[in-house]
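# Understanding the architecture of this molecule
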Amino acid sequence: MPLNKDIHKVMVIGSGPIIIGQAAEFDYAGNQACRALKSLGLEVVLVNSNPATLMTDKSMADEIYIEPLTLRAVERIIEKEKPDSLLSTLGGQTGLTLSMELAKSGFLKSHNVRLLGAVPETIDKAEDRQMFKDMMEKIGEPVIPSKVVTTYEDAIDFVNNQIGLPAIIRPAFTLGGTGGGICRTQAELDEIVKNGLHRSPIHQILVEKCISGWKEVEFEVMRDSAENVITVCSMENVDPVGVHTGDSIVVAPTLTLADKEYQMLRTAALNIISELKIEGGCNCQFALNPDSFEYAVIEVNPRVSRSSQTS
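First things first, this report covers the structure right here in the doc. All figures in this text were calculated on a predicted structure; none of them were measured in a lab. (Residues numbered from 1 in each chain as written. Predicted model: local features only at pLDDT ≥ 70, side-chain atom pairs only at ≥ 80, totals over all residues. Heavy atoms only, no water.)

What follows deals with the overall build of the protein. When helices and strands are counted, the protein shows 9 helices and 14 strands. Taken against the 2.2 N^0.38 rule, which gives 19 Å for 311 residues, the C-alpha radius of gyration of the protein at 20 Å falls within 12% of a compact globule. Based on the C-alpha atoms only, the size of the protein along its principal axes is roughly 55 × 45 × 35 Å. Taking all 311 residues of the protein together, 52% fall into the buried category. (Helix = DSSP H or I, 4+ residues; strand = E, 2+ residues; numbered from the N terminus. Rg over C-alpha atoms; globule rule 2.2 N^0.38 Å. Buried < 20%, exposed > 50% of the residue type's maximum accessible area, 1.4 Å probe, protein only.)

So this is what it looks like as structure tokens:
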């Protein structure tokens with residue numbers, strides 16, 4: 001695609017604090033984004049709360065702000081720097097969530113800032129558990145039996161009367177699945193449901209049937225504004241479903257898939273990114289039954305994810 005001549009000054013939001021073994025991949029992605037933007041002759045404004053990153057080196061951006069990654073702090077920087085664009089997909093979940101909040105509040109529109117990568121409608125479809133489930137059903141992609149709930153009582157009722165234990169709790173809009181987990185006993189169910197509802201900024205969780213032991217396969221896909229889609233890379237988690245992706249070794253390309261399985265999941269990933277209308281990179285995660293061709297879509301990250309660095 002040719003460079004969009006309307007873009008001159010781009011803001012990049014970093015991913016914030018990094019601890020050993022976690023989140024350094026988002027610093028890598030962010031500094032690569034800054035390098036790519038500068039190589040195109042664009043002015044880059046960077047905000048990150050963590051000074052101990054490559055991203056905040058003075059050579060990475062034209063203006064660097066080491067400030068708290070809060071809505072008000074980012075708003076003040078936009079008011080001062082007046083960027084014409086904000087890149088939403090290279091700062092992990094932190095950057096994605098902040099970008100969505102800025103767009104939904106009307107702040108970006110009032111300051112003539114365009115959102116690059118994923119628009120709020122796309123982010124909602126991928127991050128809101130009910131909207132995601134509805135979208136998958138619309139395009140005929142299988143999902144794990146589940147229910148989106150916002151109350152403790154509804155979660156307990158769904159598990160006890162419909163899917164049984166073990167069950168998985170997935171909070172909406174949390175980084176790395178924070179607040180979720182596998183419930184094997186009633187005591188674990190009680191604790192994780194309460195924690196998941198508390199951790200989710202919209203107090204929403206997805207309660208789903210546990211398919212621990214299935215293969216976990218991911219596809220990194222890209223789409224441009226002309227609706228061209230490509231698969232960048234296929235990946236396979238060494239650990240099965242049940243071990244969080246962030247704690248698992250991921251290898252690329254996939255090692256154990258037959259061609260029929262590979263093509264089946266590749267086609268599904270391309271269908272998903274086309275429906276989401278993402279402009280840029282996207283990570284699609286699948287669970288595959290090792291004893292059949294049965295699969296289910298686990299989730300989609302409308303942004304650069306941990307596994308993106310593998311590709």
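With that out of the way, let us pick up helix α2 (residues 71-81). Every buried residue belonging to α2 is among A73, V74, E75, I77, I78 and E81, and all of these are buried. Of the surrounding elements, those touching the buried residues of α2 are β1 (9-13), β2 (43-47), β3 (63-65), α3 (92-104) and α4 (107-110). Trailing α2 by a residue or two, K82 shows a phi angle of about 55 degrees, which is positive. (Contact = heavy atoms within 4.5 Å.)

In this section: the nonpolar core. Among the nonpolar cores identified, the biggest contains 23 residues, and V221, L265, I272, C284 and F286 are the most heavily contacted of them. Counting residues per element, the ones that place at least two in this core are α6 (129-138), β10 (215-223), α9 (259-276), β13 (280-288) and β14 (295-301). The dominant element in this core, judged by the number of residues it contributes, is α9, at 7 residues. With residues up to four places along the chain from it excluded, the contact list for I272 reads M136, I139, E141, C284, F286, V297 and V300. (Core = buried A, V, L, I, M, F, W, Y, C linked by side-chain atoms within 4.5 Å.)

The 5 strands are arranged β12-β11-β10-β13-β14 in an open sheet whose pairing can be described as antiparallel. Each edge of the sheet is formed by a strand with only one pairing partner; in this case those strands are β12 (250-251) and β14. In this structure, β13 lies alongside β14, joined through 6 bridges in antiparallel fashion. Across the sheet, F286 pairs through a bridge with V297, a residue of β14. (Pairing = 2+ DSSP bridges.)

This part takes up the environment of A187. Residue position: A187 is located in helix α8 (residues 186-199). Residues A187 and V232, 45 residues apart in the sequence, show an inter-C-alpha distance of 42 Å.

Inspection of every chain in the model, using the stated rule, returns 3 aromatic pairs. On the numbers, 5.4 Å between centres and 50 degrees between planes, the contact of F219 with Y262 is tilted. Highlighted residues: F219 in strand β10 and Y262 in helix α9, separated in sequence by 43 residues. Classification of F219 by relative accessible area gives buried; the value is 0%. On the basis of an interplanar angle of 75 degrees and a centroid distance of 6.1 Å, the ring pair of F286 and Y295 is categorised as edge-to-face. Joined through ring pairs, the aromatic side chains of F219, Y262, F286 and Y295 make up one cluster. A cation sits over an aromatic face here: K194 above Y152, 5.3 Å from the ring centre. (Phe/Tyr/Trp six-rings, centres within 6.5 Å; stacked < 30°, edge-to-face > 60°. Lys NZ or Arg CZ within 6 Å of the ring centre and 35° of its normal.)

Two side chains that carry opposite charge are able to pair once their charged atoms sit near each other. If you walk through the whole model with that rule in mind, you get 9 salt bridges. Here K9 makes a salt bridge to E43, at a shortest N to O gap of 3.8 Å. Of this pair, K9 sits in strand β1 while E43 sits in strand β2, and the two are 34 residues apart along the sequence. Classification of E43 by relative accessible area gives partly exposed; the value is 33%. A salt bridge links D62 to K38; its shortest N-O distance comes to 3.4 Å. (Salt bridge = Lys/Arg side-chain N within 4 Å of Asp/Glu carboxyl O.)

Moving on, we come to the sheet that holds strand β6 (residues 146-149). Taken in spatial order, the 4 strands make up an open sheet running β6-β9-β7-β8, and their pairing is antiparallel. One side of each edge strand has no neighbouring strand; the edge strands of this open sheet are β6 and β8 (181-183). Averaged over neighbouring strand pairs, the angle between their axes works out to 25 degrees when direction is ignored. Taken together, the 4 bridges between β6 and strand β9 (residues 205-209) define a ladder with antiparallel strand orientation. Looking at the pairing, K147 lines up with V207 of β9. Helix-sheet contacts for helix α7 (residues 152-163) involve β6, β7 (167-171) and β9, and the interaxial angle to β9 is about 10 degrees. Strands β6, β7, β8 and β9 of the sheet are contacted by α8, whose axis makes an angle of about 150 degrees with β8. (Axes fitted to C-alpha atoms, helices over the stretch in contact; angles between N-to-C directions.)

Two cysteines joined by a covalent bond between their sulfur atoms form a disulfide. Applying the stated criterion across every chain yields a total of 0 disulfides. Looking at the unpaired C210, the closest cysteine sulfur is the one in C183, lying at 9.2 Å. The exposure class assigned to C210 is buried, which follows from its relative accessible area of 15%. (Disulfide = S-S within 2.5 Å.)

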